Amino acid sequence: MSLFAPGAMLSAQEARPVAQDPVLEKKVITLSNELRCLVCQNQTIADSNAELAVDLRNQVRKQLSEGKSDREILDYMVQRYGEFVLYRPPLSYKTILLWAGPFALLLIAMFILVQQIRVRQKRLASEEFDQTDLSRARKLLDSSTGDRS
């Protein structure tokens, strides 16, 4: 039995508090999944246990209980913390580089690769080999095919 206890302890997770109003708590979790934890790497405030994330969840809960809409809460958070707080930032002139940057870098890399291949092919096509180079190449090819048989 003691062999299974450490595994059970590792898989245990911290329980979330049960709210008085389950509908409100569901809305808090849904909205918390739209907001980024400002101190964590790539986590929503719903997933994070950082103090700031807990404070932001409490702020969302408070504003929802005051009757504010999801849009009003998100606008408040963006006004206070900037667009970085949004887990999925909208496409705008401020975030265009974020959305288009990887594709632009990929296109530039592919263009450079194609150019390098073309330059190399032209260089190899224009290169002349003398009889000594060709005979050495034949010997190498003959010796390598002889080893395989």
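The following refers to the structure shown. (Residues numbered from 1 in each chain as written. Predicted model: local features only at pLDDT ≥ 70, side-chain atom pairs only at ≥ 80, totals over all residues. Heavy atoms only, no water.)

Overview of the overall build of the chain
Then comes step 1: The number of helices and strands found in the chain is six helices and zero strands.
Then comes step 2: Listing the helices and strands of the chain from first to last along the sequence gives α-α-α-α-α-α.
Then comes step 3: The 149 residues of the chain split such that 18% are buried.
Then comes step 4: Excluding contacts between residues fewer than 6 apart, the proportion of contacts in the chain whose partners are at least 24 apart in sequence is 43%.
Then comes step 5: Accessible area of the chain: about 12300 Å², with a carbon and sulfur share of 60%. (Helix = DSSP H or I, 4+ residues; strand = E, 2+ residues; numbered from the N terminus. Buried < 20%, exposed > 50% of the residue type's maximum accessible area, 1.4 Å probe, protein only. Contact = heavy atoms within 4.5 Å. Areas by Shrake-Rupley, 256 points an atom, 1.4 Å probe, with all protein chains shown as cover.)

A short note on the packing of aromatic side chains
Then comes step 1: All chains considered together, the criterion is met by zero aromatic pairs.
Then comes step 2: The ring of Phe84 carries the charged tip of Arg36 above its face, separated from the ring centre by 4.9 Å. (Phe/Tyr/Trp six-rings, centres within 6.5 Å; stacked < 30°, edge-to-face > 60°. Lys NZ or Arg CZ within 6 Å of the ring centre and 35° of its normal.)

Focus on the pattern of salt bridges
Then comes step 1: All chains considered together, the criterion is met by three salt bridges.
Then comes step 2: Two residues, Glu34 and Arg88, come together in a salt bridge whose shortest N-O distance is 3.3 Å. Taken as a pair, Glu34 in the loop between α2 (22-32) and α3 (51-65) and Arg88 in the loop between α4 (70-81) and α5 (96-126) lie far apart in primary sequence, 54 residues in all.
Then comes step 3: Given the relative accessible area of 30%, Glu34 is considered partly exposed.
Then comes step 4: With its nearest N and O atoms 3.4 Å apart, the salt bridge here joins Arg71 to Asp75. Here Arg71 and its partner Asp75 are both found in helix α4, four residues apart, which amounts to about one turn of the helix.
Then comes step 5: Judged by its relative accessible area of 52%, Arg71 falls in the exposed class.
Then comes step 6: By relative accessible area, Asp75 is classed as partly exposed at 40%. (Salt bridge = Lys/Arg side-chain N within 4 Å of Asp/Glu carboxyl O.)

What to know about a nonpolar patch on the surface
Then comes step 1: Nonpolar side chains collect at one region of the surface, where Leu91, Ile96, Leu97, Leu98 and Trp99 lie side by side and expose about 570 Å² of accessible area between them.
Then comes step 2: Among the secondary structure elements, Leu97 is positioned in helix α5. (Patch = residues over 30% accessible without salt bridge, like charges linked within 9 Å, V, L, I, M, F, W, Y side chains within 5 Å.)

A few points about the side chain of Arg57
Then comes step 1: The residue Arg57 is located in helix α3 in this model.
Then comes step 2: Here Arg57 occupies a buried position and makes no salt bridge, while the nearest side chain of opposite charge, Glu25, is found at 6.7 Å.
Then comes step 3: Discounting chain neighbours no more than four positions away, the residues touching Arg57 are Val28, Ser32, Ile45, Ala46 and Ser48. (Lys, Arg positive; Asp, Glu negative; His and termini not counted.)

Brief notes about the side chain of Ser48
Then comes step 1: By the secondary structure assignment, Ser48 is in the loop between α2 and α3.
Then comes step 2: Side-chain polar atoms of Ser48 contact the backbone nitrogen of Ala50, separated by 3.1 Å.
Then comes step 3: Contacts of Ser48, omitting those with residues within four sequence positions, involve Cys37, Cys40, Gln43, Ala53 and Arg57. (Polar contact = N/O pair within 3.5 Å; in protein donor to acceptor, adjacent residues only side chain to side chain.)

With respect to the nonpolar core
Nonpolar side chains in soluble globular proteins tend to be buried together.
Then comes step 1: Formed by 16 residues in total, the largest nonpolar core has its most connected members in Leu35, Ile45, Val60, Leu64 and Met77.
Then comes step 2: Mapped onto this core, the elements with two or more residues apiece are α2, α3 and α4.
Then comes step 3: Among the elements that line this core, the one with the most residues is α3, at four residues.
Then comes step 4: Ignoring anything within four residues of it in the chain, the contact list for Leu35 reads Gln43, Thr44, Ile45, Val60, Leu74, Met77, Val85, Leu86 and Tyr87. (Core = buried A, V, L, I, M, F, W, Y, C linked by side-chain atoms within 4.5 Å.)

With respect to α5
Then comes step 1: Across its 31 residues, α5 extends 44 Å between first and last C-alpha, which sits within 8% of the 45 Å expected from 1.5 Å per residue.
Then comes step 2: The axis of α5 is deflected most strongly, by about 30 degrees, at Pro102.
Then comes step 3: Little of α5 sits out of view: just one of its 31 residues are buried. (Expected span 1.5 Å × (residues − 1). Bend = angle between axes of the 7 residues up to and from the residue.)

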